[in-house]
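Residue-level structural notes
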Amino acid sequence: MAWLVTGGAGYIGSHVVRAFGAAGIDTVVIDDLSSGHESFVAPQTAFVRGTILDGALLADVFAQHSITGVMHIAGFKYAGVSVQRPLHTYEQNVTGTATLLGAMEQAGVDTIVFSSSAAVYGTPDVQLVTEDTPKNPQSPYGESKLIGEWLLRDQGVAKGIKHTSLRYFNVVGSGDDDLYDTSPHNLFPLVFDALLAGRTPRINGDDYPTPDGTCVRDYVHVADLAHSHVAAARRLEAGDRLEPAYNLGSGDGVSVREIMTTVAEVTGIDFTPEIAPRRPGDPARIVASGELAARDLEWEMRHSLADMVSSAWRAREAAATSAG
Ligand SMILES: NC(=O)c1ccc[n+]([C@@H]2O[C@H](COP(=O)([O-])OP(=O)(O)OC[C@H]3O[C@@H](n4cnc5c(N)ncnc54)[C@H](O)[C@@H]3O)[C@@H](O)[C@H]2O)c1
């Protein structure tokens, strides 16, 4: 009896696999390593290298392992790049999800948790995003995640699958020093890479209508996020009714400048960020309520901003050291 984790060699997936392990639930990982790392998968975890677009491979995985549920985390996550590569984004995130749901149906597996995103909301003009805030994705990436949610919903209606989607906000931090975010587009890796290369980190725009002029986002720690995946899996398996989607957000915003200050404190590197022009399409503020997830999925901010920055920095430094 195990859960299949798609994308389990990625940043979030690898944390989810470890949280399942800590909860005593076995996992099988499928990952094509397009952005993941085999070293993020512990040697004792069953690992299948391949793509979720390969229905025959998925059928084999379901036949060979006794899979009771699927944690569908694999995806192409670069919203900015998705504008240039819409077909690739739709193939990975929509065709991939449809292929997976088809293989589950064939194999009689009826439980799935899906990694969705804050990007389904686009740039909402509200103080606090709730699950009912209108969906207005502004990139092929956001659109593909919303369609992913619809695919689960429609399979629920047609075939009675048990499902929920988790809309992540800005996921940061590390739960273990050997796992870290390697995205070339996310704020933390960008700032750390700059510091490690002796460059000055950059803030894109300091003239937004926010208290310090820089963008405000909703940062959540990856280990807290992973914990709620286990809760979602357990509740679906127990037959509990869950909402179709949950925001995994903190209810609290942090500005890019506050992040920079915390990074300087944590790393001991004294720097004054460079101010660059705004990036097109960056909203001033996005902060979400995680109340529903707190009610149903043991969602809680167990880590402070300093924890988020220090755990991410430790893991990034360890990686830089081991790379020589
Ligand atoms: N990191 C964030 O802040 C964030 C926010 C919102 C949503 N998400 C979503 O969470 C999920 C995980 O994000 P992450 O930050 O861990 O990214 P990541 O790139 O580290 O992980 C994605 C994993 O999926 C694998 N993968 C991609 N396409 C695949 C395919 N066709 N078949 C098999 N494996 C495939 C990659 O190799 C990688 O290991 C993604 O679906 C992403 O869209 C992430």
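Keep in mind the model is a prediction, meaning the values are calculated, not measured.

As for the overall build of the protein
From N to C terminus, the protein includes ten helices and 13 strands. A compact globule built from 324 residues should have a C-alpha radius of gyration of about 20 Å, and the protein, at 19 Å, falls within 12% of that. Taking the principal axes of its C-alpha atoms as reference, the protein extends roughly 55 × 45 × 40 Å. Evaluated residue by residue, the protein yields a buried proportion of 52% over its 324 residues. Once local pairs closer than 6 in sequence are excluded, the contacts in the protein between residues at least 24 apart make up 78%. Entry remark: accessible area of the protein is about 14,100 Å², with carbon and sulfur atoms responsible for 49%. Looking at charge distribution, the protein has the averaged site of its 24 positive side-chain charges lying 3 Å from that of its 40 negative ones.

Observations concerning helix α10 (residues 305-322)
Helix length check: α10, at 18 residues, gives a terminal C-alpha distance of 26 Å against a target of 26 Å (1.5 Å per residue), a fit within 8%. Those residues of α10 not exposed but buried are Met 308, Val 309, Ser 311, Ala 312, Trp 313, Ala 315, Arg 316 and Ala 319. Packing partners of the buried residues in α10 comprise β7 (170-172), α6 (187-196), β10 (219-221) and α8 (256-267).

Observations regarding the site of the ligand
Taken together, 27 residues sit near the ligand, with Ile 12, Asp 31, Ser 35, Lys 77 and Tyr 141 positioned nearest. Note that an oxygen atom of the ligand is positioned 2.6 Å from one of the side-chain N or O atoms of Tyr 141. Going through the elements one at a time, α1 (11-22), β5 (111-117) and α5 (140-159) are the ones with two or more residues in the shell around the ligand. Top element by residues in the shell around the ligand is β5. It accounts for three residues. Taken together, the residues that form the shell around the ligand break down as eleven nonpolar, twelve polar and four charged.

Concerning unusual backbone geometry
With phi around 60 degrees, Leu 33 is a residue other than glycine that occupies positive phi space. Of note, Leu 33 is situated in the loop between β2 (26-31) and β3 (46-49). Non-glycine residue Glu 298 carries a positive phi angle of around 55 degrees. The residue Glu 298 is located in the loop between α9 (291-296) and α10 in this model. You can call Glu 298 partly exposed: its relative accessible area is 46%.

Topic: the pattern of salt bridges
In total, this model carries 17 salt bridges according to the counting rule given. Between Arg 257 and Asp 206 there is a salt bridge whose closest N-O contact spans 3.9 Å. Residue Arg 257 is found in helix α8, and its partner Asp 206 is found in the loop between β8 (202-204) and β9 (216-217); the two are separated by 51 residues along the sequence. When its relative accessible area of 29% is taken as the criterion, Arg 257 is described as partly exposed. Linking Arg 235 and Asp 240 is a salt bridge whose minimum nitrogen-to-oxygen distance equals 2.9 Å. One salt-bridge network, in which partners are shared between bridges, spans Arg 18, Asp 176 and Asp 178.

Structural notes on the sheet that holds β2
Strand pairs in the sheet, formed through backbone hydrogen bonds, run parallel or antiparallel to each other. Reading across the sheet, the seven strands line up as β3-β2-β1-β4-β5-β6-β11 and stay open at both edges, with parallel pairing between neighbours. Taken across any chain shown, the strands that pair with only one partner, and hence form the sheet edges, are β3 and β11 (245-248). Taking each pair of neighbouring strands and ignoring which way they run, the sheet shows an average axis angle of 20 degrees. Looking at chain direction, strand β1 (residues 2-6) and β2 are connected through five bridges and run parallel. When the bridges of β2 are listed, Leu 4 appears paired with Val 28. Packed on one face of the sheet, helix α4 (residues 86-107) meets β1, β4 (67-72) and β5 and runs near 170 degrees to β5.

Rules behind the numbers
- Residues numbered from 1 in each chain as written.
- Predicted model: local features only at pLDDT ≥ 70, side-chain atom pairs only at ≥ 80, totals over all residues.
- Heavy atoms only, no water.
- Helix = DSSP H or I, 4+ residues; strand = E, 2+ residues; numbered from the N terminus.
- Rg over C-alpha atoms; globule rule 2.2 N^0.38 Å.
- Buried < 20%, exposed > 50% of the residue type's maximum accessible area, 1.4 Å probe, protein only.
- Contact = heavy atoms within 4.5 Å.
- Areas by Shrake-Rupley, 256 points an atom, 1.4 Å probe, with all protein chains shown as cover.
- Lys, Arg positive; Asp, Glu negative; His and termini not counted.
- Charge placed at Lys NZ, Arg CZ, Asp CG, Glu CD.
- Expected span 1.5 Å × (residues − 1).
- Near = heavy atom within 4 Å.
- Polar contact = N/O pair within 3.5 Å; in protein donor to acceptor, adjacent residues only side chain to side chain.
- Nonpolar A, V, L, I, M, F, W, Y, C, P; charged D, E, K, R; others polar.
- Salt bridge = Lys/Arg side-chain N within 4 Å of Asp/Glu carboxyl O.
- Pairing = 2+ DSSP bridges.
- Axes fitted to C-alpha atoms, helices over the stretch in contact; angles between N-to-C directions.

All quantities given are derived from atomic positions and should not be read as evidence of function.
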